[in-house]
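Residues per chain, in single letters:
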Amino acid sequence: MPDKFIGKLIGNTGDPNNLKIALDDSFSARRGEFVRIKHQERQGEEAIDVLGRIVSISRSNILYNSDMGEGLNDLEMLPGAQITGENLYGTIELVGYKEPTTAEIKIPRRPLDPGSKVFGVDYEFLSRFYEFNEETSIHIGNLIGYERGENIVPVYMDVNTLATEHLAVLAMTGAGKSYTVGRIIERLVAQMNGTVVVFDPHGEYGKAYRKGQIHFNDNLADLDDPRDQERIPEIQEKFKKLIAAGGGIDVYTPQVDSFNLKYESKNKHLALPFDRFEMDDFSEILPGLTEPQQRVLDVAIRYWKFKHHNPPRDIESLREILAGDLEELKSWQELTSAESRALSKRSAAVASMKLNRVINEAQSFYNSAIGEPTDIYEMIGEEGADNGRLVIIDLQGLSDGAKQIITALVSSEILRAATDKSKRTRPSFLVYEEGHNFAPRKSDAISLKMIKRIAGEGRKFGIGFAIISQRPSKLDPDVTSQCNTIITMRIKNPDDQRFIVKTSDMFSKADINELPSLSTGEALVCGRSIPAPLLVKVGTKALQHGGESPEVLREWGSFNG
């Protein structure tokens, strides 16, 4: 393909994020398109191609200037004169050049030459520039502007980086963030044989396994991408094989009958060990306890662990201790006489009432009637296990407090098992949907404490996470700052845009300005899992998506009375 001349660089070329180009004509380029410019970085070296992206275009015409008013109608030109009056300028943000020896993408340190010719880029150039190892990467979608026809440019994300250095997916409601996450996790499981745990507050992901059967996306007739045409049926078949081998999809739910109906009893009940909580955690689990109430709860839990020396400990026996007459507690030989006298039956009753409310809301703690406590090694897979799995923790219908407690305890158990020197789990990737509820800014939520710990320590033990939110400004900045890959979709709220700028240095001003105009399913992907920031049209899912808005007109129907 011959080079397509677009224009020439003008003005100051020292800022790689703000290069100006005089465009050849109004059809030369469109916002978002890629361009290349010849550049010599060092004297004596060969000139190389530097890739850039057009981030803005301005177009004005002196003949249609508002200041001219009605005089425009009286304007006459000499016969044969060609005065267009057009002023066409664009702004280019450099992606960089590919270092010949290391293949690393670098930003030029020497300013580009003013007057340099700027050319368009074709499929072959972009494909060479963005080379991916398909064996260690997942295909998230295709480059915007190159997502159809014969010149599709695929975009891949490196799995080792993505799964250990954490991910944030940020977008307003309806932009496609859950769909994007669904595409990523199903490929991590079926393609890369990984373990993914999704904390699903609205039951969206569980819809792919309703009635205890896997449900695939069967709307594949209009797929344009030949890679998806080939890969999606393979992913669907792989899920079938994983399920037959004991992996694939597992759904864990509270001990509530409605979940049994939803999954036709193919779900597994959560039976979490309450004694795993540290005493410091109870101020978040049971907020508002007075000092006497905290004292009696502390003594009751210590006695509970003493009396039932070997775990698992039945939560019902702790209830009985608090609901009793306290004589058994007061006579415990581990207490001093002063501690014994300080125990108040009234305080015990209030602490018992608050504890009962948490237990009844969560419906997820171990008791002897349920049999065995939840086995984290069975959930995640032991080190060396070869069955990939998608684990869905369905929390639909629970209070925010109950969701936070369950999320904190499951996450804590996963981290504990991963750090066990004698028996470890396989690496895992945790997904926190509605992340602003689990890791809220300026909050004492118990789940935030655990997510912060995973953000800081998880990578060393093979645990990565993704935090998903439609309100980035409500997220804890310490959590998002640990995410080395960020996917942003349509965001219009100025507070959310400012938060993204403050918590990450991956975004330029042009990137932020692009966010409000992105269409559904379009994303700006930045970070260490890809070579450079890219605008991507997210591809199609293999599993059925559960996050669509209902078609209300169809469901309302019509009244013919």
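The structure we're discussing is the one just above.
Presented here is a report on the structure given in the accompanying data block.

Calculation criteria
- In this convention, every chain numbers its residues from 1, walking through the sequence in written order.
- For a predicted model such as this one, the threshold for reporting local features is a pLDDT of at least 70, and the threshold for listing and counting side-chain atom pairs is 80 or more; totals across whole chains, interfaces and linings nevertheless cover every residue.
- Hydrogens and waters are ignored; side-chain quantities use all the structure's heavy atoms.
- A fitted line through C-alpha atoms serves as each axis, taken over the contacting stretch for helices, and the angle formed by two N-to-C directions is quoted from 0 to 180°.
- In DSSP terms, a helix is any run of H or I states spanning at least four residues, a strand is any run of E spanning at least two, and both are numbered starting from the N terminus.
- The labels follow the angle: roughly parallel below 35 degrees, roughly antiparallel above 145, roughly perpendicular from 65 to 115, and oblique for the rest.
- Here a crossing is taken to be left-handed if its near helix is turned anticlockwise relative to the far helix by less than a right angle, and right-handed if that turn runs clockwise.
- Only heavy atoms enter the contact rule, under which two residues are in contact if any of them lie within 4.5 Å.
- Any residue outside Ala, Val, Leu, Ile, Met, Phe, Trp, Tyr, Cys, Pro, Asp, Glu, Lys and Arg is labelled polar, Gly included; the first ten of those are nonpolar and the last four are charged.
- Between the rings of Phe, Tyr and Trp (Trp by its six-membered ring), a pair exists once the centres lie within 6.5 Å; its type follows the angle of the planes, with under 30 degrees stacked, over 60 edge-to-face, and the other angles tilted.
- We call a charge positioned over a ring when the NZ of a Lys or the CZ of an Arg lies within 6 Å of the ring centre and within 35 degrees of the ring normal.
- Partly exposed residues are those whose accessible area sits between 20% and 50% of the maximum for their type, while under 20% is buried and over 50% is exposed, using a 1.4 Å probe and protein chains only.

1. Some points on the packing of helix α7 (residues 291-307) against helix α8 (residues 315-323)
It is at 10 Å that the axes of α7 and α8 come closest, and there the two elements cross at 130°. In terms of orientation, α7 lies oblique with respect to α8. Considering only the axes of α7 and α8, their crossing is right-handed. In this structure, α7 uses V296, L297, A300, I301, Y303 and W304 to contact α8, whose residues at the interface are I315, S317, L318, I321 and L322. Taken together, the residues of the contact of α7 with α8 break down into ten nonpolar, one polar and no charged.

2. Digging into the packing of aromatic side chains
Following the criterion strictly, the structure yields twelve aromatic pairs and no others. Seen from their ring centres, F132 and Y156 are 5.5 Å apart, and the 40° between their planes marks the pair as tilted. Here the residue F132 occupies a position in the loop between α1 (123-129) and β8 (137-143), and Y156 occupies one in strand β9 (residues 154-158), the gap between them amounting to 24 residues. Grouped by ring-pair contacts, the aromatic residues F125, F129 and Y130 constitute a single cluster. Across from the ring centre of Y377, 4.4 Å away, lies the NZ or CZ of K423, which sits over that ring.

3. Structural notes on unusual backbone geometry
For the bond running from P311 to P312, omega is 5°, close enough to zero to count as cis. Mapped onto the secondary structure, P312 falls in the loop between α7 and α8. At N193, a position not held by glycine, the phi torsion is positive, near 60°. Topologically, N193 is positioned in the loop between α3 (177-190) and β11 (195-200). A residue is classified by how much of its surface remains accessible, and N193, at 22% relative accessible area, is partly exposed. Its identity as a non-glycine residue notwithstanding, K442 has a phi of 50°, on the positive side. Mapped onto the elements, K442 comes out in the loop between α14 (435-438) and α15 (446-457).

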